[in-house]
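Survey of secondary and tertiary structure
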Amino acid sequence: AKKNQSGGAKKNQSGANSKLIASSQSTKRPKTVIPAFETDRQRELIDLLRSHGVDKHVELPQIAVMGDTSSGKSSVLTALSGIQFPSSDKLCTRCPTQLQLKQGDTFRASVHIQRYGGSRNVVAKKQNLSDLDEVTETIKEMTRIITEDLPDGTISEDAIVIKAEGPNLPNLTLIDLPGIVRTVGDGEDASIIPRIQALVERYLEQERTIILAVVPANVDMHNTEILQAAKEADPEGHRTISVLTKLDLVDKGAEESVIELLENRMKKLTLGYHAVRCRGQHDLNSGVSIEDGIEKESEYFETHNDWSRVDKALVGTMNLKEKLSHLLEGHIERSLPLVQKEVRSELGRCRAELEEMGPPLDTSTERRSLCEKSLRALEQSL
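The model shown is predicted, which means the values in this text are computed figures rather than measured ones.

Before going further, it helps to examine the pairing of strand β1 (residues 62-66). Of all 5 residues in β1, 5 are buried; the element is thus mostly enclosed. Where burial is concerned, the two faces of β1 agree: the one with Gln 62, Ala 64 and Met 66 and the one with Ile 63 and Val 65 are both buried. Of the strand pairs in this sheet, β1 and strand β7 (residues 209-216) are connected by 5 bridges, and their pairing is parallel. Bridging from a neighbouring strand, Gln 62 pairs with Thr 209 of β7. Pairing of β1 with strand β6 (residues 172-176) involves 2 bridges; the strand directions are parallel. If you follow Ala 64 over to β6, its bridge partner there is Ile 175.

Glancing now at the pattern of salt bridges. Where charged atoms of side chains with opposite charge meet at close range, the side chains can pair. The final tally for this structure, using the stated rule, is 20 salt bridges. Between Arg 265 and Glu 256 there is a salt bridge, and its shortest N-O distance comes to 3.7 Å. With its nearest N and O atoms 2.9 Å apart, the salt bridge here joins Glu 353 to Arg 349. Within this pair, Glu 353 and its partner Arg 349 are both found in helix α10 (residues 317-356), separated by 4 residues, close to a single helical turn. Glu 353 gets classed as partly exposed once you look at its relative accessible area, which sits at 38%. Overall, the relative accessible area of 34% leaves Arg 349 in the partly exposed class. A single salt-bridge network, built from bridges that share partners, covers Glu 256, Glu 263, Arg 265, Asp 306 and Arg 309.

Another point: the pairing of β6. Most of β6 is tucked away, with 5 of its 5 residues classed as buried. Burial along β6 is two-sided: the residues Leu 172, Leu 174 and Asp 176 and Thr 173 and Ile 175 are all buried. In this sheet, β6 lies alongside strand β2 (residues 97-103) in antiparallel orientation, the contact comprising 5 bridges. Following the sheet pairing, Leu 99 is matched in β6 by Leu 174.

With a phi close to 55°, Asn 128 is a non-glycine residue in the positive phi region. On the secondary structure map, Asn 128 appears in strand β4 (residues 122-129). Classification of Asn 128 by relative accessible area gives exposed; the value is 69%. One non-glycine residue, Asn 264, adopts positive backbone phi at about 60°.

Helix length check: helix α4 (residues 132-147) (16 residues) gives 23 Å between terminal C-alpha atoms against 22 Å at 1.5 Å per residue, within 8%. Along α4, the positions that sit buried rather than exposed are Val 135, Thr 136, Thr 138, Ile 139, Met 142, Thr 143, Ile 146 and Thr 147. Along α4, the residues classed as buried sweep out an arc of 160° about the axis, all on the same side.

To continue, consider the packing of helix α3 (residues 73-81) against α10. Where α3 contacts α10, the axes come no closer than 10 Å and their chain directions differ by 80°. For the element pair α3 / α10, the angle class is roughly perpendicular. Facing α3, whose interface residues are Val 76, Ala 79 and Leu 80, α10 presents Thr 317, Leu 320, Lys 321 and Leu 324. Here the residues of the contact of α3 with α10 sort into 5 nonpolar, 1 polar and 1 charged.

What follows deals with a nonpolar patch on the surface. A cluster of nonpolar side chains, namely Leu 375, Leu 378 and Leu 382, defines an oily patch on the protein surface of about 360 Å² accessible area. Tracing the sequence through the fold places Leu 378 in helix α11 (residues 364-381). Overall, Leu 378 belongs to the partly exposed group, its relative accessible area being 49%.

You can see Gln 100 is positioned in strand β2. What makes Gln 100 buried here is its relative accessible area of 11%. What Gln 100 contacts, discounting residues up to four positions off in sequence, is Asp 47, Val 161, Ile 162, Lys 163, Ala 164, Leu 172 and Thr 173.

This next bit is on the packing of aromatic side chains. One pass over the structure, following the stated rule, counts 1 aromatic pair. Each ring, one from Tyr 300 and one from Phe 301, has its centre 5.5 Å from the other, and the planes form 70°; the classification is edge-to-face. Exposure remark for Tyr 300: the relative accessible area of 15% places this residue in the buried category. Taking relative accessible area as the criterion, Phe 301 reaches 3% and is therefore assigned buried.

Conventions used here
- Residues numbered from 1 in each chain as written.
- Predicted model: local features only at pLDDT ≥ 70, side-chain atom pairs only at ≥ 80, totals over all residues.
- Heavy atoms only, no water.
- Buried < 20%, exposed > 50% of the residue type's maximum accessible area, 1.4 Å probe, protein only.
- Helix = DSSP H or I, 4+ residues; strand = E, 2+ residues; numbered from the N terminus.
- Pairing = 2+ DSSP bridges.
- Salt bridge = Lys/Arg side-chain N within 4 Å of Asp/Glu carboxyl O.
- Expected span 1.5 Å × (residues − 1).
- Arc of directions from axis to C-beta.
- Axes fitted to C-alpha atoms, helices over the stretch in contact; angles between N-to-C directions.
- Parallel < 35°, antiparallel > 145°, perpendicular 65-115°, else oblique.
- Contact = heavy atoms within 4.5 Å.
- Nonpolar A, V, L, I, M, F, W, Y, C, P; charged D, E, K, R; others polar.
- Patch = residues over 30% accessible without salt bridge, like charges linked within 9 Å, V, L, I, M, F, W, Y side chains within 5 Å.
- Areas by Shrake-Rupley, 256 points an atom, 1.4 Å probe, with all protein chains shown as cover.
- Phe/Tyr/Trp six-rings, centres within 6.5 Å; stacked < 30°, edge-to-face > 60°.

Right, here's the structure in full:
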């Protein structure tokens, strides 16, 4: 299966990447689109395949969120989903999170743990959550369940799966990976650093993974670890989009270099860059809600001396929701025929292996008969 991922997927995906380029520069829908219900069904099919562990054998089209622990990644996810992620919880860096969002009339959510390994083992599931604070507390609870038995320095492959629908949610699925760790505190196991890097690299290398690299705008972009890693895995930048955070912390005089990035004039990416301004610690301490934070963000980009000069399609959480939704829709639509082909191929290989094992031994009589036959064959060979 690993050979199938690294060989067949890369060979077939080059054509899909070229199509990805053509539709990546605008958040507007193309003139000819498949019905919305069909794109939802396709996305839900990919989510279903992932829940059954198919992604271990066949690369699935997905958007994976990556960045340093201090990049503002949790704040971006909070703004996109309306769910407050426990960004200050150290445990949240030790397992992936699947965020499955869907438009709906009223808010409701469920949270569960999906065991890694291809089994259908869903544990600690909580359904019919209608309170956002309850969702946040459930995420913390699931994180503790996953990590309580893990030795220090260990990363869990088990995922926290959050399914939510509501009137302000996009039709979007994101895979959030543990934040990249540069240093550890006193008494902490430094082996967690390469373990997280290995997990991130596994997603980076998959040709059907769109890399959503979250980067603070107040750092030197040339030395940003996640952009460097994305460049190695995706040299042409065909499947990398970067989200810039913390624009309010950019040094005075450095704004022009950030604008050059946003306008894709520097460190060019096919899918480009996008800027958001999420709630900071002061906003959180002051009780600024997620909705109010998005309103403040809109005002910020409208009135700021420098950012107001940037194309409005390149800034803001609401535009990012639309951009990512359309990007994933098109990516799944292009990739699905190849996924279906590879799934059929893997099923055919498994069936051939089963046939080589002989007929199933469903009853004790059949098992006894085979045992006796084997014993006779052994006696004759002696």
